[in-house]
Amino acid sequence: MKITGVETFLVAPRWLFLKLSTDEGVCGWGEPVVEGRAETVRAAVHELSELLIGQDPLRIEDHWQVLRRGGFYRGGPVLSSALAGYDHALWDIAGKVRDAPVHELLGGPVRDRVRVYSWVGGDRPSGIREAVSAQVEAGFTAVKMNVAGPLTAIASPAEAEAAVARAWEAREVLGPHRDLAIDFHGRVSPAMARRLVKLLEDVQPMFVEEPILPETQGDALRSVVEASTVPIAAGERLYSRWEFKPVLDAGVAVVQPDPSHAGGISELRRIGALAELYGASLAPHCPLGPISLAASLQVAFATPNFLIQEQSVGMHYHEGREHQYLADASIFAFQDGYAARPLKPGLGIEVDEEAVRRADEVGHRWRSPVWRHDDGGLAEW
């Protein structure tokens, strides 16, 4: 079997899909995208295609190495995301050829169902009580939220207290038997992060995510980890196991590689194994489309130190489009806050190719928001 074609599809609301074709009619699907930079990743995908056309798709690890190391300049969000999409598609083909879901090719399931959480409250959090209540009524046992919009380097007592109050709103709805994850989204300085995680201790979050920017990790991250008993999570803007090692050395409790950014299924698996050495858990970041989520779930079912899976159904960015590109969306029919084990071959989904091609005719130009502080200076989104 040989790879014969690579196609990409720019589909609303902010996604990029990849189709890998073979001369035996078996195709695989992937989702290589950087939010707000879909066209850039699309160019990288097609640039890398010359390394795969005519090759055997079942040599997955060899292709991963070539796509990662075949250029003198490597890594970063764009190239790692392009690689991730190819990796999804190669595993999808392998599963279809062997008539098995990908997690069986990774060693078989280590659990019967995967716990998932929902995202509530928006970028500038509001309506917390109502949003959390809706997710509880839908059966979810965990939610994640931002507790603040843009923050200055040293926020006022009122801003800090408002952030904590929002967390308490969610906790009061969730009660003691459900979980709350809190996302700082890299908006908080190390000094302010140390203060806030201490103030949040009594809320008992499952974790605080990305408390500081990834480029200010190392000793700064360790200082946040050591400031309180709150578990710290990080990694949505890290793209390889090499980047995760210093984060784990700093003492984080949870690693969050993204299946569409961090080298795909192959690298997520390795990052999870690396985290296991540190006693840390894997909770993949996944606010994107159905192919990315399907790939992430395959890793979740085969990873012993998996904690919980992010999923974006109902997220405000996505305009209810999560399932419109699938022929059968039952794989994402969560029950009591859990995803059932996918049994279909490959990634376990059937992409509605006609719907994808129609959407690509329109495309999208989604961009990350640009925020400003009151004084006009740039704020972290």
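Anything mentioned here points back to the structure above.
Residue numbers here run from 1 along each chain, matching the order of that chain's written sequence. Per-residue local features of the predicted model are confined to residues with pLDDT of at least 70, and side-chain atom pairs are confined, for both listing and counting, to 80 or more; whole-chain, interface and lining totals are unaffected and use all residues. For side-chain calculations, the full set of non-hydrogen atoms in the structure is used, while hydrogens and water are omitted.

> Give me the lowdown on the packing of helix 6 (residues 157–174) against helix 7 (residues 190–199), citing residues and values where you can.
For helices, the fitted line uses only the C-alpha atoms of the stretch in contact; every axis is such a line through C-alpha atoms, and the angle between N-to-C directions lies from 0 to 180 degrees. By the criteria applied, helices consist of DSSP H or I runs no shorter than four residues and strands consist of E runs no shorter than two, each listed in order from the N terminus. For the pair helix 6 and helix 7, the least separation of the axes is 10 Å and the interaxial angle reads 40°. With respect to helix 7, the element helix 6 is oriented oblique. Note that helix 6 runs across helix 7; the crossing there is right-handed. Along its contact with helix 6, which presents A160, A163 and V164, the element helix 7 presents M192, L196 and L199. Three classes are used: nonpolar for Ala, Val, Leu, Ile, Met, Phe, Trp, Tyr, Cys and Pro, charged for Asp, Glu, Lys and Arg, and polar for all others, with Gly counted as polar. Among the residues making up the contact of helix 6 with helix 7, the classes are represented as six nonpolar, no polar and no charged. Roughly parallel means an angle under 35 degrees; roughly antiparallel, over 145; roughly perpendicular, 65 to 115; everything else is oblique. A crossing counts as left-handed when the near helix is turned anticlockwise from the far one by less than a right angle, and as right-handed when that turn is clockwise. Note on contacts: a residue pair is in contact if any heavy atoms of the two residues lie within 4.5 Å.

> A description of helix 12 (residues 353–362) should follow, citing residues and the corresponding values.
When helix 12 is considered as a whole, its buried residues turn out to be A355, V356 and A359. For helix 12, the angular spread of buried residues about the axis comes to 100°, placing them on one side. For helix 12, exposure combined with an orientation more than 90 degrees from the buried face picks out E354 and E361. For helix 12, the elements touching its buried residues are strand 1 (3–11), strand 2 (15–22) and strand 3 (28–30). Two residues or fewer after helix 12 comes G363, characterised by a positive phi angle close to 70°. Buried means the residue's accessible area, taken with a 1.4 Å probe over protein chains only, is under 20% of the maximum for its type, while exposed means over 50%, and partly exposed covers the values in between. Picture the helix axis, draw a direction to every C-beta atom, and the arc is the one those directions span.

> Go over the packing of helix 9 (residues 241–249) against helix 10 (residues 264–277), please, and point to the residues and values.
The interhelical angle for the contact between helix 9 and helix 10, taken along N-to-C directions, is 25°, at an axis separation of 10 Å. Judged by the angle between their axes, helix 9 and helix 10 are roughly parallel. With respect to the hand of their crossing, helix 9 and helix 10 are arranged in right-handed fashion. Along the contact surface, helix 9 presents R241, W242, F244, K245 and L248, while helix 10 presents E267, R270, I271, L274 and A275.

> Break down the packing of aromatic side chains for me, with residues and values.
Pairing of aromatic rings covers Phe, Tyr and the six-membered ring of Trp, with a centre-to-centre limit of 6.5 Å; geometry is then stacked below 30 degrees between planes, edge-to-face above 60, and tilted otherwise. Summed over all chains, the structure comprises eight aromatic pairs. Ring centres 5.1 Å apart and planes at 85° place the aromatic pair F72 and Y73 in the edge-to-face group. For the pair shown, F72 and Y73 are each scored as exposed. Note on W366 and W381: the rings are 6.2 Å apart at their centroids and 55° apart in plane angle, and the pair reads as tilted. Taken together, the residues W366 in the loop between helix 12 and strand 13 (371–372) and W381 in the segment after strand 14 (378–379) connect sequence positions 15 residues apart. Each member of the pair W366 and W381 is classed as buried. Within the aromatic cluster, the residues linked to one another by ring pairs are W15, F17 and Y325. For a Lys NZ or an Arg CZ to count as sitting over a ring, it must be within 6 Å of the ring centre and within 35 degrees of the ring normal. For R113, the ring lying beneath its charged end belongs to Y338, and the centroid distance is 3.6 Å. Directly above the aromatic system of W371 lies the positively charged group of R124, at a separation of 4.2 Å from the ring centroid.

> Requested: an account of helix 5 (residues 128–137), with residues and values cited.
Listed as buried for helix 5 are I128, V132 and Q135. The buried residues of helix 5 occupy one face: seen down the axis, they fall within an arc of 60°. Along helix 5, exposed side chains directed more than 90 degrees from the buried face belong to E130 and E137. On the buried face of helix 5, the contacting elements are strand 4 (113–120), strand 5 (142–146) and helix 6. One or two residues past the end of helix 5 sits G139, with phi positive at roughly 100°.

> Summarise the sheet that holds strand 3; cite the residues concerned and give the values.
Any two strands with at least two DSSP-identified bridges between them are counted as paired. Spatially, 1-2-3 is the arrangement adopted by the three strands of the open sheet, whose pairing is antiparallel. Looking at the sheet topology across the chains shown, the edges are occupied by strand 1 and strand 3. Across the sheet, the mean angle separating the axes of adjacent strands is 20° when strand polarity is ignored. Both strand 1 and strand 2 contribute to a ladder of eight bridges, which runs antiparallel. The partner of G5 across the bridge, within strand 2, is S21.

So far we have only geometry, and geometry alone does not tell us how the molecule works.
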